[in-house]
Each structure stands twice: as C-alpha cells, then as structure tokens.
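Fold and contact review
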Amino acid sequence: MAASSSHHHPPRRARNTPPRRSLRTFIPLSVLALLATSSPLVPTTAATATATATARDEDDILRFINPLIGSTNGGNVFAGATLPYGLAKPVADVDGQNTGGFATDGSNVIGFSTAHDSGTGGNPSLGNFPLFPQLCPDDSDVNSCAFRSGDRATPYAASSVAASPGRFALELASGVRAEMAASEHAALYRFGFPAPDDGGEEEQHPLVLLDLTDLWKSRQNGSVSVDDDSGRLKGNATFLPSFGAGSYVMHFCADFFGGAVHDSGVWVNNRAGTEPKELYVTRGFNLFYVEAGAWVRFADLASNGNNNTVTARMGISFISADQACRRAEEEIPDPPRDFDRLVAEAEDAWRAKLRPVSVRAGDGVSEALQTSFWSGLYRAMISPQNYTGENPHWDSAGIPYFDSYYCLWDAFRVQHPLLTIVDPAAQAEMVRSLLDTYAHEGWLPDCHMSLCQGWTQGGSNADVVLVDAYVKNLTAGIDWALALEAVVQDAEAEPLEWSHQGRGGLRSWKALGYIPYLDFDPVGFGTNSRSISRTLEYAYDDFCLATLADGLGRPDLHDKYLQRSANWQNLWKEDQNSVIRGNDTGFTGFFQPKYMNGTWGYQDPIACSALADFCSLTTNPSETFEASIWQYQFIVPQSTSTLIDLMGGDESFISRLDFFHTSGLADISNEPVFSTVYLYHYAGRPALSTKRLHTYIPASFNDTNDGLPGNDDSGSMGAFVVFGMLGLFPIAGQNVYLISAPFFEEVNITSPLTGNTATIRAVGFDPSYGDIYIQSATVNGEPWTKNWIGHELFTEGWTLELTLGAEESEWGQAVEDRPPSWIGTTRV
C-alpha cells in the first residue's frame, strides 16, 4: 500500500480569512419585547387551546413552533411538552404510529405517559407507566371500567389537539379533557371530566389507572403500591431498550389532587379490586405478557371549584421511586396551581434557547417556511436528553450525563453541528458526557438510549462528533487527550461485541485495507454484513482521527490514519455497471463487496434503495446499511475530489448526481442522502446544490403534520431544514460549511460563546425563489470567492453577504475555490 497527497486536509481555522470589522450586534424588536414582558397565560382547556398561537404576542417567536410537524407519515416526532433536553416528556400515547407516543393518524389514545424519545425508527421507545382517565359505566362496579390497553383505547377529537412548547392537550371521545406540562423530571396532568348530569343522580367517581407497561410492551417485571389514604402510586419496572442490548429499570411516583380518594386498588388483565394494595407482576408462561397496574377513584370533584378536574403529578427516575417523589415535589410543589407556571417557564426556556437566532424573513416569505425553520430548530434541542443525576451506574461529579443518542449515525451529520452553533454549551456537555461514558463503559457509544448500549449502524460515529467539536474550537472543559485515546481505541481495538460498540473486522481492516464480504472475524461478533458501508465509514472515521492527532501534535498518528482514510478506494470496481428495470443507466464504476482473497462479490447497486427493498440490521442485512450503493457511492467527504476523478471528472460526476436525484434512487427520508444534495460544490457548480435543495424544500420538508419525509431521528431532519434555509451545510468533522442561497433575506446568529453576531444576508432577495443563484459574495465587505466558509463565521461574527440572481454565475467554480478535499491513494 502507498499513500500520496496533493492537497490539504481541513485545518482547524479557515485560511485566507478576511480582516475583522467592527460589527454591530443585531437584537430584533421581537427579542427586546420578550425581554420586557412576561409570558402570556396559556389556555387551560383543550377547547380553548387552539387560540394559543394567536393569543401570543405577534413578535413572540414561539408562534412559529409547531410540534405537530412530522406527527404522521412516519416522522415519529415527540409532540408533547418538554424543556430543552428534558427527561420528562409527557404526551398522549396512541395505538397507531406511536413511536414518539402521539400521532395525528386518527388512531386511539391508550394512555398519557411521561418519558419518550423523539423521531426514532423501529420499535416505540419509552412511554412508560401511562395514566388513563375514565368514568366507569357502572359507578358501583369498578370492573365495568376498561383496564387493558385494547379495551380502553379511545378516539380523540382531531380538532381538540393543541401542541406548543411546554404544553400538550386534547379531548377524548369520552368527553375527558387532558392537558399536560413538564418540569425537568416530572409531568403535571390535568384530567377534566364531564360535568355530572343535573338529574339528581348519585355522584360519579372518576378513575385514573396506571399501567405497568411501556409503548413497546417490553416490560419484564414490575411492581406498584397504592397508599389507601392519599392515593399515591409508587413502583418500578424493568424494560428493554427499543434499539439496543440489555435492560433498564424506571421508577415512578404519582400523586393526585382535586378530590378525595374514594377507593383504590390494583388490576390484572381486565379485573380489578380494592385489595391488595400492592402488586408484583412478571412475564408469564411462554413469556405471556400480563397487563397490570393500579387505580384510584375520586370523590367530591364537582364541589371543589376546579371544573371537575383531577390533577396528577408524575415523577420518574432511573434511580429510585423515592427520588422520583422528591424530584416531583421539588419541581412541582403546588400542583393545583403550578400548571401555568410550568408552561410559562418552559416557554421562557425555549425562547432562551432560540434567542441566538433572529430572522428577517423578507416581504412575501410565507409563514409556513418560517414555521418549518423554527420548528426544525426546536426539534433539534429535544434530544439527547439530560439525565444528569439519573444514571444508576455511575455518578461523575461535575460531569453531565446525557442519554438518548438515538442514534449518532443519524445525528452526527447535521444535528450536532447545528448545536455547536446555536447551543455550544450543551454540545460541549454532550461531548464531555460521551467521553465520560467511554471512561466508565470502556467505549464511546454509537447509539445509546434508556441507559443501554444501542446497536451500531455503521462506523464509530462518536469519533466524528468529537472531532467536529475540536475543529470548531469547542473546548469548555473537554479533555482532548482522553478524546484522542478514545478515538484511537475505536480504530485499533475490536470489542467482543462490536454490534453495539467500537468497530468490527479490524484485523481485516488493517491487513487488507477493507472490510471483506463474508469476513472471518474470530475476535469479535456482530451482524456479518455492511462490508461496503462500514468500509466507507471506517475510512472517514480514520480521517477524523488523523485530524485530531494533527491538532494535538501527534504527526505519527496523523500520517498513519490519513493513509488508512484512503481505504475506501479498495472497494471501487471500475467496470461495474448499474441496470434499472433492464435498462443500463450508462454509468460505470461503483463500489462492490470484495472477498478476503481479493476477488469481487456482487450487490446490485440499486438494492436497498427506494426502487428496491429497504435494508435493515434485522430483516435483510446487506453490504450497505439503510441505503443503496448508488447512495453510498457519494459518501467520501474526506476525498470527494478523488471520487470525482474516479467517476470521470466534473461533468460526469454532475450527471451522475443528477440521475441519482431524479430517478427515484435518492432517499431524502434518510440521513446519508443529505450531503449528496450539496456535492455539486466539489465539482465547481454550487448553484446546482441550491437548485437541488429547492426540489426538497418545501416539497418534502414543510409545516404540515406529514411535513417530514421520514423519521426525524432526534431532530436530524429538522437540522437539515435549518441549515438549508440558512444557506449553509456542514461537513461534519471538518471546519467546512458549504455556502448556498438562504431562504430568508437576513439571518443573524449570536454566538453564545463569544457574543459575536454572524450575519448571512441576501442582496437581491427574491421571496418567490426565482433568483436563487449566487452572483458574488463578500465577507465583512471583502470579496469571497470560495464556495465554503469556516466556523469563524460564527465565533468571530463575520457578515456573509450573498448577491443573488436568476442565472448561474461563475462564483465558486474555480478549482481553488472548491471545498478542501484530501487526495490520497492506497488501492490494492
């Protein structure tokens, strides 16, 4: 093997930076208004909740947040109430598209639970210990109530659904109204029951049950106790993670307010009783799933002046039920009167997180586009979740603990780079948490949820997250020596179970320079597949490692891993063609699997695409993961210039990109396709990237309930929208943002670290988006010919001014103005 280079890899700081100018800090009137006024009260019933958006001040940025975007059509978003990165996430759970808990798919509500993940695929995640309010048809017989999830499933009125930052509400067909708010570790529910008839009938006793289950019905065992006097419910259960190994225990503490306790007890399957007051349940014969839980009924609701409402405070904890009680009591000390306070505090928290960004949309820009932008930014800060103080496995003093990295294979591309810009303090905490996980578990996680190790989808993507933070000077207490150690371990040491940590096939990777098809790997085990996609991802992971080593003064490691980063070329088969429905596409040269002896295997380049069958880890593992060879052929971010040469040069590369995006092969619903929208930059045609982006926004990304093309993946889809509308795209792991035309007249982002304000301004802005091609650019008033820019734009507060026109110009086309791309060869 040999390696050579004729270009550079991205330095930590952009070259040819313009002189610094004094920039004024732009604070929009909307922000000044928010600073000067208190939060408006939020309507407290589902019937009036739809007035929330219009009730807010016209300058309140929260009016552009729609949590229901992606609540159907597989977006799987979390639509409920939450604080930024909060643990408690209450929402209604449905029996339809319930991966994120709630969906606007017309399915039935089966409960209201307090913990969720957002935008994930596969099995539903969390949704533990749902509460469900109802009136028993026969008030004298508690067994007339519905206890099992299928029996209690109730439609909701679509027009009653109200979702906004910090609050969620709806009305069931039974007439029960439900609304909820959240603190960091607890949720507050208000269940409003229909008023009793004025017919002299005896008082009805509303019932609220708790189910020892989760959305996936993965519970292994569970327990609950009922306090006969107060109605307090305490307990825990053991569950399985929805996309990982192991199990986790969650604890709960539920208290009720608004009425006296009439009676209480436990239930199993469809039977209930007032004795006993404790219950332990496990899997039955042949793992038969037993539905069980506890219940409380209430009296004197109509006479207490609270609109026939039961208020439930639900604390959750991964440590103990006592901690769940304590957290709930501290965060929600006065439940009957705390609801509006919780909503207002959540709104203020979200305004603070959004405050670094301000937009002057421009006359004629639709509110729909602005809603899509701000809602995407909002969703990017729902997860990962801050579980500090809730980790039962270790407690590192002073080091935060984040969980619900679900999964970094999705999120490293755009979500974490976005947080580095708008919330660098949180991103630094996440990096520190990843390193602390390495220190205690021995490996950086690639996917981690519910305190469990998630399945590894490709390479060791935490490596890219760490290096992206490094090249953008995100320090904030990060131990970079420890980071180098962790990333080197990913590159050199194979774990026994590389299915959920580290990398597999490292013996072959080092000896052969690729991951072989049907690899012999006696050192560790995982799904023996994905040889092409793992080869490509390992190569980029090694490039990122080389970047970190170079910055930390380790030239030996830099040279070693820079050479290994060219291994992707070893699976390039020059004479491979691609046929679709019997017709040759006309393109030659694709990645193909290769055996250990160096001979070629075969995978149809269109397999695993939207034109064929979807490929997953569990159902039909293939040599590419969740995408086709057609899609993966473009994912070589360290050496795109070399890839262009292998494909026959600029025009051939552009032709291939065009075919990919117009033939049905491109799957915009999955994150690997994101960068392909912008790869025209590397061929000197940045205008075509902008043109391509406008075929996806707003067609596939918009402000409707089905306004996402696929799983939001912890906010990755939202982050893609935000970057697209900003006019930038990050190459994660490099100090590179590709420049395109913004969707707004001006965007200002004030760095929370430096206080400097970056401005992206469109001159000749056209709200009809006919003039979307950059004619020229300046940075701080000086000409800028490069079609990319560095992170200094944000930290130093540069002004990037883009003059737009109706036709493609020569701006950004010169070879020297294209993004950095290391050229290396190591073909065998």
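Residues numbered from 1 in each chain as written. Predicted model: local features only at pLDDT ≥ 70, side-chain atom pairs only at ≥ 80, totals over all residues. Heavy atoms only, no water.

As recorded in an unreviewed UniProt entry, the chain goes by Glycoside hydrolase family 92 protein and comes from Diatrype stigma.

1. Looking at the overall build of the chain
Where we set the bar: By the criteria applied, helices consist of DSSP H or I runs no shorter than four residues and strands consist of E runs no shorter than two, each listed in order from the N terminus. The globule rule used here is 2.2 Å times the number of residues to the 0.38 power, and the radius of gyration it is set against is calculated over C-alpha atoms. Only protein chains enter the calculation, and the probe is 1.4 Å; a residue is then buried if its accessible area is under 20% of its type maximum, exposed if over 50%, and partly exposed in between. Method for areas: the Shrake-Rupley scheme with a 1.4 Å probe, in which residue coverage is limited to the protein chains shown. Charged residues are defined here as Lys and Arg on the positive side and Asp and Glu on the negative side; His and the ends of the chain fall outside this count. Each charge is placed at NZ for Lys, CZ for Arg, CG for Asp and CD for Glu.
When you go through the chain residue by residue, the secondary structure sums to 21 helices and 32 strands. The C-alpha radius of gyration computed for the chain amounts to 27 Å, which stays within 12% of the reference 28 Å derived for 828 residues, consistent with globular compactness. If you line up the chain on its principal axes, its C-alpha atoms span 90 × 60 × 55 Å. Burial status across the chain gives 63% buried among its 828 residues. Carbon and sulfur atoms make up 50% of the accessible area of the chain, which amounts to about 27,100 Å² in all. Of the side chains in the chain, 54 bear a positive and 98 a negative charge, and the two mean positions are spaced by 5 Å.

2. Some points on the layout of surface pockets
As a reminder of what qualifies: Put simply, the grid is 1 Å and covers the protein atoms alone, a cavity is a trapped set of points that fit a 1.4 Å probe, a pocket is an open set with protein on both sides within 12 Å along at least five of seven lines, and lining residues have an atom within 4 Å of a point. Grid points are joined across faces, edges and corners, and a volume is the space filled by probe spheres set on the points. Each residue is assigned to one of three groups, with Ala, Val, Leu, Ile, Met, Phe, Trp, Tyr, Cys and Pro labelled nonpolar, Asp, Glu, Lys and Arg labelled charged, and all others, Gly among them, labelled polar.
In this structure, the largest pocket encloses a volume near 540 Å³. Lining the largest pocket are 26 residues, and of these Gly121, Gly122, Phe243, Gln457 and Glu626 lie nearest its centre. The residue makeup of the lining of the largest pocket, split by class, is 10 nonpolar, 13 polar and three charged.

3. Notes on the environment of Asp703
In plain terms, the rule: Between two residues, a contact is recorded if the distance between any of their heavy atoms is within 4.5 Å.
Turning to its location among the elements, Asp703 is positioned in the loop between α19 (686-696) and α20 (716-726). As a C-alpha pair, Asp703 and Leu68 span 635 residues in sequence and 8.6 Å in three-dimensional space. Residue contacts for Asp703: discarding those within four places in its chain leaves Asn66, Ile69, Ala368, Thr371 and Ser372.

4. A short note on the pattern of salt bridges
Note the threshold: Take a side-chain nitrogen of Lys or Arg and a carboxyl oxygen of Asp or Glu: if they are within 4 Å of each other, that pair is a salt bridge.
Going through the model one piece at a time under the given rule, you end up with 37 salt bridges. We note a salt bridge from Asp151 to Arg148, for which the minimum N-O separation is 3.0 Å. Among the residues examined, Asp151 registers a relative accessible area of 44% and is labelled partly exposed. The class for Arg148 is partly exposed, based on a relative accessible area of 29%. Among the ionic pairs, Lys472 bridges to Asp468, the shortest N-O distance being 2.9 Å. You'll find Lys472 and Asp468 in the same group, each marked buried. The structure contains a network of salt bridges with shared partners spanning Asp463, Glu492, Arg503, Lys510, Asp542, Lys560 and Arg564.

5. As for the side chain of His681
For clarity, the cut-off: In the analysis that follows, any N or O atom pair within 3.5 Å is treated as a polar contact, provided that within protein one partner can donate a hydrogen and the other can accept it, and provided that, for residues neighboring in sequence, both atoms belong to side chains.
Relative to the helices and strands, His681 resides in the loop between α18 (650-662) and α19. A polar atom in the side chain of His681 sits 2.9 Å from the side chain of Ser689. His681 has contacts with Pro686, Ser689, Leu738, Ile739, Ser740, Asn787, Arg818 and Pro819, leaving out every residue within four places of it along the chain.

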